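Spelled out from the first residue to the last, the chains are:
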Amino acid sequence: MGRRPEGARRTRALVALTLLASALAACGGDGGGGRPTLNWYNFPDDSGALQKAADRCTEASGGRYRISYRKLPRGADGQRQQLVRRLAAEDESMDILGLDVTWTAEFAEARWIREWTGGAKRRATEGTLRVPLQTATWKGRLYAVPYNTNTQLLWYRKDLVPTPPKTWSEMLDVSRDLARRGEPHYVEIQGAQYEGLTVWFNTLVNSAGGSILNPSATGPSLGPPAVRAASIMRELADSPAADPSLPNQMEDQNRLAMESGTAAFELNYPFVYPSMKANNPRLFESFHWAPYPRVDADRPARPTIGGIDLAVSAHSRHPDLAFEAALCLRDRENQLTAALEGGLPPTLRALYDEPAFMKEYPFSREVLAALESASVRPLTPAYQNVSIVIAHTLSPPSAIRPEKAVDTIGEQIGDALRSEGVIP
């Protein structure tokens, strides 16, 4: 690449300085009396759990620092966009970053976040569930600490289905039988052209014994497990199990459809449980849960996890304090509060034996089992492009031609990893 003109370099520097100055003016630097302020950027939490964590850790610091909880935009795209722009401008006012589990590789490769080493790494990994730790790791190095996690279960109506199906084949057969009897029979799942469709595909591929990328994340893996995954998606879309609005459905539409009484099954996150209890108490009496359905009867399902990881900005002026504060923010007390008040499943294994958590989450054992056998989304700095390729190719599910779709996904993922081609 040729040298950048001197004028362009000066312009870029001025823009970066302007961004930094405005950020510092808005957020402040050090607190009064020389006490540093650590700015924690995370998703907007309406439950108050995150603010409580910031307050607790500020008090626990004994006056050595203050944590200021800064709310990012509500949408994941907006959150990532704000973080990327400010980190690229080397914004020193950013200390602790709440990253979606798909961003760690990208941010680590860009050198925007610091590696966890020594005692901080030991404390971050001790007692933490294995699979969430994978989302915080890139090229064998830890770049974040898991703050919370999430996974899907099979939710079903026990008045219609006394015994929950164990496999996708069984579930679709039950749906067909209910349809013949004129009973509610839809299987609610995320079929819109967005991240949820990628998650569905990733779960099925991993549950069939495969993966989307090879172990080194340098190329696609796919193969027969991916063809099986695409075939299951097409089979559902062509069956009575498919809600007519499947091509436009996301998690919340699935929840509303189940609460309306038109569905027998729902693949979704635990937030649907308190929602059903509040919105349809009569139907709630028959609302039960079971493990995510398997692709093969003899192979556990591997549902894809979500969640937030906490990273320390490479540009923080107080990195040692930021590491310490991040560990405090995700400690036992704060994770329990986030679970009970914010509905965010914890990443610390011991909390799944906590009576208060088990009472609030009667499905805690199923959630833990799912997390222990779970899969993660492809770990690559190019994840955003990989996800777009998958969702575009598999939308709508009724138009999937399994072998052709998998070939297309493989070709376009290869281009995305090489930064070639045009992302659809």
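Residues numbered from 1 in each chain as written. Predicted model: local features only at pLDDT ≥ 70, side-chain atom pairs only at ≥ 80, totals over all residues. Heavy atoms only, no water.

*Asks:* How would you summarise the pattern of salt bridges if you had to cite specific residues and measurements?
*Replies:* For the structure shown, the criterion picks out 25 salt bridges. Close ionic contact of R180 with D177 constitutes a salt bridge, the shortest N to O distance being 3.7 Å. With R180 and D177 both in helix α7 (residues 168–180) and 3 residues apart, the pair spans about one turn of that helix. By relative accessible area, D177 is classed as partly exposed at 29%. Salt bridges sharing partners connect three or more residues here, namely R349, D353, R365 and E372. (Salt bridge = Lys/Arg side-chain N within 4 Å of Asp/Glu carboxyl O. Helix = DSSP H or I, 4+ residues; strand = E, 2+ residues; numbered from the N terminus. Buried < 20%, exposed > 50% of the residue type's maximum accessible area, 1.4 Å probe, protein only.)

*Asks:* So what about empty space enclosed by the protein? Which residues, and what values?
*Replies:* One pass over the structure, following the stated rule, counts 1 cavity of 30 Å³ or more. Here the largest cavity defines a volume of roughly 70 Å³. In the lining of the largest cavity, the residues fall into 7 nonpolar, 4 polar and 1 charged. (1 Å grid on protein atoms, 1.4 Å probe; cavity = no way out; pocket = protein on both sides within 12 Å on 5 of 7 lines; lining within 4 Å. Points joined across faces, edges and corners; volume = space filled by probe spheres on them. Nonpolar A, V, L, I, M, F, W, Y, C, P; charged D, E, K, R; others polar.)

*Asks:* Outline helix α14 (residues 332–342), supporting the account with residue identities and numerical values.
*Replies:* Along α14, the positions that sit buried rather than exposed are N334, Q335, L336, T337, A338 and A339. Structurally, α14 contributes buried residues whose contacts are with α2 (49–60), β6 (145–150), α13 (319–329) and α15 (355–360). With a side-chain oxygen lying 3.3 Å from the backbone nitrogen of E333, the N-terminal cap of α14 falls on D331. Positioned one or two residues after α14, G343 has a phi angle of 70 degrees, which is positive. (Contact = heavy atoms within 4.5 Å. Polar contact = N/O pair within 3.5 Å; in protein donor to acceptor, adjacent residues only side chain to side chain.)

*Asks:* Any chance you could break down the state of the cysteines for me, citing the residues and the numbers?
*Replies:* Within the structure shown, the criterion is met by 1 disulfide. Disulfide pairing is shown between C57 and C328; the S-S distance is 2.1 Å. Note on the C57 and C328 pair: the S-S dihedral is about -95 degrees, so by sign convention the disulfide is left-handed. Of this pair, C57 sits in helix α2 while C328 sits in helix α13, and the two are 271 residues apart along the sequence. Of the two residues, C57 and C328, both sit in the buried class. (Disulfide = S-S within 2.5 Å.)

*Asks:* Residue-level account of the layout of surface pockets, with values.
*Replies:* Considering only enclosed or pocket space, the largest pocket measures out at about 1900 Å³ in volume. Around the largest pocket sit 50 residues that line it, and D100, N150, E251, Y269 and F271 are the ones nearest its centre. The leading source of residues in the lining of the largest pocket is helix α17 (residues 383–393), at 6 residues. Considered class by class, the residues forming the lining of the largest pocket number 23 nonpolar, 15 polar and 12 charged. The volume enclosed by the second largest pocket comes to roughly 380 Å³. Around the second largest pocket, the lining comprises 20 residues; the ones closest to its centre are L213, N214, P215, P378 and L379. Those elements giving two or more residues to the lining of the second largest pocket turn out to be β4 (137–138) and α8 (195–207). For the lining of the second largest pocket, the residue count by class is 8 nonpolar, 9 polar and 3 charged.

*Asks:* Any chance you could break down the sheet that holds strand β9 (residues 263–268) for me, citing the residues and the numbers?
*Replies:* Spatially, β8-β9-β7-β10 is the arrangement adopted by the 4 strands of the open sheet, whose pairing is mixed. Each edge of the sheet is formed by a strand with only one pairing partner; in this case those strands are β8 (186–188) and β10 (287–290). This sheet shows a mean twist of 20 degrees between the axes of neighbouring strands, independent of strand direction. Strand contacts of α7: β7 (153–157), β8 and β9, with the helix running at about 150 degrees to β9, the strand carrying the most contacts. Packed on one face of the sheet, helix α10 (residues 251–260) meets β7, β8, β9 and β10 and runs near 155 degrees to β9. (Pairing = 2+ DSSP bridges. Axes fitted to C-alpha atoms, helices over the stretch in contact; angles between N-to-C directions.)

*Asks:* Please set out the nonpolar core residue by residue, giving values where relevant.
*Replies:* By size, the foremost hydrophobic cluster in this structure holds 50 residues, and its most contacted members are W40, L83, F107, W116 and L310. Looking at this core, the element that brings in the most residues is α13, giving 8 residues. Leaving out residues up to four positions away in the same chain, L83 has contacts with Y41, L72, M94, L97, G98, L99, W103 and F107. Counting residues in hydrophobic clusters, the runner-up holds 46 residues, among them W168, L178, A226 and Y292. (Core = buried A, V, L, I, M, F, W, Y, C linked by side-chain atoms within 4.5 Å.)

*Asks:* For unusual backbone geometry, give the residues involved together with the corresponding values.
*Replies:* Each neighbour pair has its own omega, and for S395 with P396 the value is -5 degrees, a cis peptide bond. Position of P396 among the secondary structure elements: in the loop between α17 and α18 (402–417). For R111, which is not a glycine, the phi torsion comes out positive at approximately 65 degrees.

Remember, this is a structural readout, not a statement about activity or role.
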